[in-house]
Amino acid sequence: MRFCNTEKHNIPIMKSLLSSVSAVGIRFLGLGSLLGIALSLTGCDGSAPQGTANATNQNQSAAKSATGVTNITMPAVQFVDATQAAGVNFKHTNGASPVKLMPESVGSGVAFIDYNSDGYQDLYFVNSRHWTQQELEEWKNSPWSKAELADFKLNYPGQPLARKIPPLPPRQRVTGVLYQNNKNGTFSDVTKQVGLDIEMFGMGAAVGDYNNDGQADLYITGLYRGYLFENRKGRFHDVTKQTGLESPGWSTSAAWLDYDRDGQLDLFVCHYVKWTPKTDIYYSPDHKRKSYIGPIRYDGERSHLFHNEGNGRFTNVSAKTGIRGYSRIRENDPPGKGLGVAVCDYNNDGWPDLMVANDMVPNFFYENTKKGGFREVGREAGLAYSNEGKHRAGMGVDAADVDENGQPDIVIGNFSKQKLGLYRNYDTVFTDEAIEAGVGEPSHNFLTFGVSFMDYDNDSLLDIFVANGHVQDDIALINKGIEYEERPLLFHNAGNFQFQEVGLQSGPGMHKKTVARGMAYADYDLDGDLDVAISTCGYPATLLRNDGGNKNNAMRLVLEGTKSNRNALDSQIKISVSGRTLYRMIRSGSSYCSANDIPLSIGLGKASKVDKVEITWPSGLKEEFKDEKANQILYLQEGKGIIKRQGFNE
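To keep things clear, this report deals only with the structure shown in the data block. Fair warning: this is a prediction, and the values are worked out from it, not measured in the lab.

1. Some thoughts on helix 4 (residues 133-140)
- Turning to helix 4, its buried residues number three or more, namely Glu-135, Leu-136 and Trp-139. Burial along helix 4 is one-sided: seen end-on, the buried residues are contained in an arc of 100°.

2. Considering the layout of surface pockets
- Within this model, the largest pocket holds a volume of roughly 950 Å³.
- Breaking the lining of the largest pocket down by element, the ones donating at least two residues are strand 20 (397-400), strand 24 (448-454), strand 32 (572-577), strand 33 (580-585), strand 34 (600-605), strand 35 (609-616) and strand 36 (622-629).
- Across the lining of the largest pocket, the residue classes break down as 21 nonpolar, 12 polar and 14 charged.

3. Here we look at unusual backbone geometry
- You will see that Lys-183, though not glycine, has its phi angle at about 70°, which is positive.
- For Lys-183, the position within the fold is in the loop between strand 6 (177-181) and strand 7 (187-189).
- One non-glycine residue, Glu-404, adopts positive backbone phi at about 60°.
- Following the sequence through the fold, Glu-404 ends up in the loop between strand 20 and strand 21 (409-412).

4. Focus on the sheet that holds strand 34
- Judged by pairing direction, the sheet is mixed, and its four strands sit side by side in the order 34-31-37-38 without closing on themselves. A strand with exactly one partner marks an edge of an open sheet, and here the two such strands are strand 34 and strand 38 (641-647). Within the sheet, the average angular offset between the axes of one strand and its neighbour, ignoring direction, is 25°.
- Bridge count between strand 37 (residues 632-637) and strand 38: six bridges; the pairing is antiparallel. Its bridge partner lying in strand 38, Leu-636 is registered against Ile-642.

5. With respect to the packing of aromatic side chains
- Inspection of every chain in the model, using the stated rule, returns 25 aromatic pairs.
- Between Phe-125 and Tyr-179, the aromatic rings sit 6.2 Å apart at their centres with planes inclined by 80°, giving edge-to-face as the arrangement. Residue Phe-125 is located in strand 5 (residues 122-125), and its partner Tyr-179 is located in strand 6; the two are separated by 54 residues in the primary sequence. Each member of the pair, Phe-125 as well as Tyr-179, is classed as buried.
- Ring plane angle 80° and centroid distance 6.2 Å describe the contact between Phe-497 and Phe-499, whose orientation is recorded as edge-to-face.
- For Phe-499, a relative accessible area of 5% puts it in the buried group.
- Grouped by ring-pair contacts, the aromatic residues Trp-131, Phe-201, Trp-250, Tyr-272 and Trp-275 constitute a single cluster.
- A cation sits over an aromatic face here: Arg-163 above Trp-139, 5.5 Å from the ring centre.
- When the ring centre of Trp-144 is taken as origin, the NZ or CZ atom of Arg-163, which lies over that ring, is 4.6 Å away.

6. Regarding the pattern of salt bridges
- By the definition in use, this model includes 30 salt bridges.
- Residue Arg-556 pairs with Asp-597 through a salt bridge whose shortest N-O separation is 2.7 Å. Of this pair, Arg-556 sits in strand 31 (residues 553-560) while Asp-597 sits in the loop between strand 33 and strand 34, and the two are 41 residues apart along the sequence. For the residue pair Arg-556 and Asp-597, the accessibility class agrees, reading buried in each case.
- In this structure, the salt-bridge partner of Arg-645 is Glu-628, at a minimum N-O distance of 2.6 Å. Here the residue Arg-645 occupies a position in strand 38, and Glu-628 occupies one in strand 36, the gap between them amounting to 17 residues.
- In this structure, a network of salt bridges that share partners links the residues Arg-324, Asp-333 and Glu-376.

7. A word on empty space enclosed by the protein
- For the structure shown, the criterion picks out six cavities of 30 Å³ or more.
- The space that makes up the largest cavity amounts to roughly 50 Å³.
- If you go around the largest cavity, the residues you meet are Asn-358, Asn-363, Ala-384, Tyr-385, Ser-386, Lys-390, His-391, Arg-392, Gly-394, Ile-412, Asn-414 and Tyr-423.
- Looking at side-chain class alone, the lining of the largest cavity contains four nonpolar, six polar and two charged residues.

8. What to know about the pairing of strand 5
- By the alternation rule, side chains of strand 5 split into Asp-122 and Tyr-124 and Leu-123 and Phe-125, which are all buried.
- Pairing geometry for strand 4 (residues 110-113) and strand 5, over four bridges, is antiparallel. Residue Ile-113 lies in a different strand from strand 5, and its bridge partner there is Asp-122.
- The sheet contact formed by strand 5 and strand 6 spans three bridges and is antiparallel.

9. Observations regarding the pairing of strand 18 (residues 364-368)
- Within strand 18, five of the five residues are buried, which leaves the element mostly enclosed by the surrounding structure.
- Residues Phe-364, Tyr-366 and Asn-368 line one face of strand 18 and the alternating positions Phe-365 and Glu-367 line the opposite face, and both faces are buried.
- Between strand 17 (residues 353-358) and the antiparallel strand that follows it, strand 18, lie five residues; Met-360 among them carries a positive phi value of about 65°.
- Bridge count between strand 18 and strand 19 (residues 374-376): three bridges; the pairing is antiparallel. Bridging across to strand 19, Tyr-366 finds its partner in Glu-376.
- As consecutive antiparallel partners, strand 18 and strand 19 are separated by five residues, and within that stretch Lys-370 has a phi angle of approximately 65°, a positive value.

10. Describing the sheet that holds strand 25 (residues 463-468)
- An order of 24-25-26-27 is seen for the four strands of this open sheet, with the pairing classed as antiparallel. Bordering the open sheet on either side are strand 24 and strand 27 (498-501), each of which pairs with just one other strand. Strand-to-strand twist in this sheet, taken as the mean axis angle between neighbours without regard to direction, amounts to 20°.
- Examined bridge by bridge, strand 24 and strand 25 share five bridges and lie antiparallel to one another. When the bridges of strand 25 are listed, Ser-452 appears paired with Phe-465.

Criteria and thresholds
- Position numbers for residues count from 1 along each chain, tracking the sequence in the order it is written.
- For this predicted model, a pLDDT threshold of at least 70 governs which residues receive local features, and a threshold of 80 or more governs which side-chain atom pairs are given and counted, while totals over whole chains, interfaces and linings are taken from all residues.
- Side-chain metrics rest on all non-hydrogen atoms present in the structure, leaving aside hydrogens and water.
- Three exposure classes are used, based on accessible area relative to the maximum for each residue type with a 1.4 Å probe and protein chains only: buried under 20%, partly exposed in between, and exposed over 50%.
- By definition, any uninterrupted DSSP run of H or I lasting at least four residues is a helix, any uninterrupted run of E lasting at least two residues is a strand, and each is numbered from the N terminus.
- This arc is built from the directions going out from the helix axis to the C-beta atoms.
- The definitions used throughout rest on a 1 Å grid laid over the protein atoms alone, on which a cavity is an enclosed set of points accommodating a 1.4 Å probe that cannot get out and a pocket is an open set flanked by protein within 12 Å on both sides along at least five of seven lines; lining residues are those having an atom within 4 Å of a point.
- Grid points are joined across faces, edges and corners, and a volume is the space filled by probe spheres set on the points.
- As a working rule, the residues Ala, Val, Leu, Ile, Met, Phe, Trp, Tyr, Cys and Pro are called nonpolar, Asp, Glu, Lys and Arg charged, and the rest polar, with Gly in that last group.
- Two strands qualify as a pair provided DSSP detects at least 2 bridges between them.
- Simply put, an axis is a line fit to the C-alpha atoms, just over the touching stretch for a helix, and the angle between two N-to-C directions goes from 0 to 180 degrees.
- Only centres within 6.5 Å qualify two rings of Phe, Tyr or Trp (six-membered ring in Trp) as a pair; their planes then separate them into stacked at under 30 degrees, edge-to-face at over 60, and tilted for everything else.
- Placement of a positive charge over a ring is assigned whenever Lys NZ or Arg CZ falls within 6 Å of the ring centre and within 35 degrees of the normal to the ring plane.
- Here, a salt bridge means any Lys or Arg side-chain nitrogen found within 4 Å of an Asp or Glu carboxyl oxygen.

Next up, the structure:
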């Protein structure tokens with residue numbers, strides 16, 4: 001079903017209809033169905049949405065096929081696997097063994113971070129580790145479930161009841177790796193020199209200047225606890241305990257934001273499920289060997305929101321700010337099973353909101369109350385479920401304004417046979433238009449973790465990059481047609497909220513199959529287009545260099561807050577170019593357990609200049625500048641405007 005153009009006068013009718021239906025009704029009827037009914041009441045003529053109807057780029061020749069899908073001539077953009085040439089040789093360690101403990105299957109993320117403040121993005125890969133003997137013994141001596149007991153008696157009749165730990169290779173110490181950008185397309189491993197040579201069962205990473213000293217700090221989530229590494233002139237120091245950011249439990253994705261706009265970065269940390277080696281759940285589809293099991297049979301774990309007190313300390317304010325799972329009545333306040341988080345301003349009130357992707361329970365959306373807290377409105381906003389009223393296995397998530405109406409839309413990576421979720425924002429009411437937009441069917445068989453909106457070809461339209469990989473290494477035996485190793489997907493934005501999957505046309509790097517987990521983007525070589533790093537679960541990492549995206553023009557904005565937080569996170573940017581208006585936001589978080597480049601890269605198509613850029617800082621200050629030439633990096637300081645200009649590299 002296609003949705004017609006939704007003008008402002010239609011919104012009250014839709015919202016009135018939705019307000020008359022209970023959350024239970026929304027769940028089972030589906031928001032897409034309700035929205036379709038509402039649109040029919042407006043007298044809609046069934047034409048395609050017009051959000052970006054005038055945005056067809058000069059380098060595209062578009063024509064409608066018999067099926068109504070836009071056929072386009074693609075820009076010559078190729079993603080080249082630059083991993084080895086760039087000196088990146090990281091391989092993720094997930095501790096995998098025949099024991100098959102649940103955390104082995106979820107992998108880790110990747111972060112771009114300019115740790116030495118030279119303007120070039122460095123690259124950090126989060127690592128997990130091998131299991132300790134103590135952890136394996138905990139599993140070995142844990143209680144037996146009825147299913148495991150029955151399978152043991154079936155396969156080993158008459159034998160004494162005992163679990164066996166299979167012979168494992170000698171345990172090696174492993175850590176995450178920080179690669180310093182050499183400014184020539186290559187990287188060097190500086191992990192030990194900078195103090196990050198620390199072993200942990202890591203999960204995700206978030207980059208932010210928590211103390212406003214001008215240096216990028218690094219928060220790493222993980223199994224059992226999190227870690228905050230303060231950057232002191234290019235060397236990292238573990239300040240987790242003194243800052244109060246241990247966030248005990250199983251933390252996954254995290255995002256920095258200034259939710260109360262006091263100029264200090266606060267931290268939201270997603271938590272997944274309650275798990276220890278002792279509570280690992282047995283699962284065997286063939287009753288012969290153990291397989292990984294999903295989160296359904298585990299209790300969810302409460303996510304955490306930490307307020308920055310401005311004195312080097314954080315306070316856990318989760319309960320008093322409305323984060324789910326803290327009510328005494330557990331049945332009315334489930335904690336979720338969070339894997340991804342995205343920051344956005346869905347109602348354009350200038351205050352950052354939070355989208356949390358949950359695994360096999362309803363997603364959460366936290367609306368900022370502007371009074372120091374949040375209101376969870378996932379069901380009311382249409383983001384909790386699919387259009388069929390079902391929860392899905394949400395993992396990675398991102399938010400950005402795709403259709404140029406000034407309101408962020410949301411993409412969510414889901415399990416295989418669940419399709420991507422692509423939720424279009426109709427004045428704070430969302431509907432999943434993945435199928436109508438052309439991203440549903442191509443993503444049907446893929447299991448998506450990392451996902452981001454990014455303008456890879458600089459045509460000014462936001463595309464979607466998708467990193468895939470299954471969680472069951474024996475999935476081919478269980479479900480034919482589904483693979484463990486999967487290629488990435490690339491959805492090119494053709495305008496009118498229509499996308500075309502062009503991964504196999506976009507360079508040899510896009511053909512590579514792996515077990516991907518996190519993905520992050522950055523212009524690591526400062527040539528004016530966005531490159532991509534992909535993390536994995538037990539596989540080598542991948543660095544994809546964008547060749548050809550800079551055939552279109554671009555602009556890069558590096559913002560520095562003074563009254564606002566130093567990173568200028570949550571700043572709203574409005575760009576006027578060639579008669580159109582683009583809306584962007586400086587954000588932390590998004591994707592899966594990963595951190596994108598904080599500076600903002602803006603594709604301009606063939607436009608030779610930007611007519612106007614308007615910045616609304618988190619402090620409320622508004623600044624604008626006009627008639628700036630394309631293909632340059634602009635450095636802006638709050639209250640002073642442009643303080644430096646720099647061209648892109650050739």
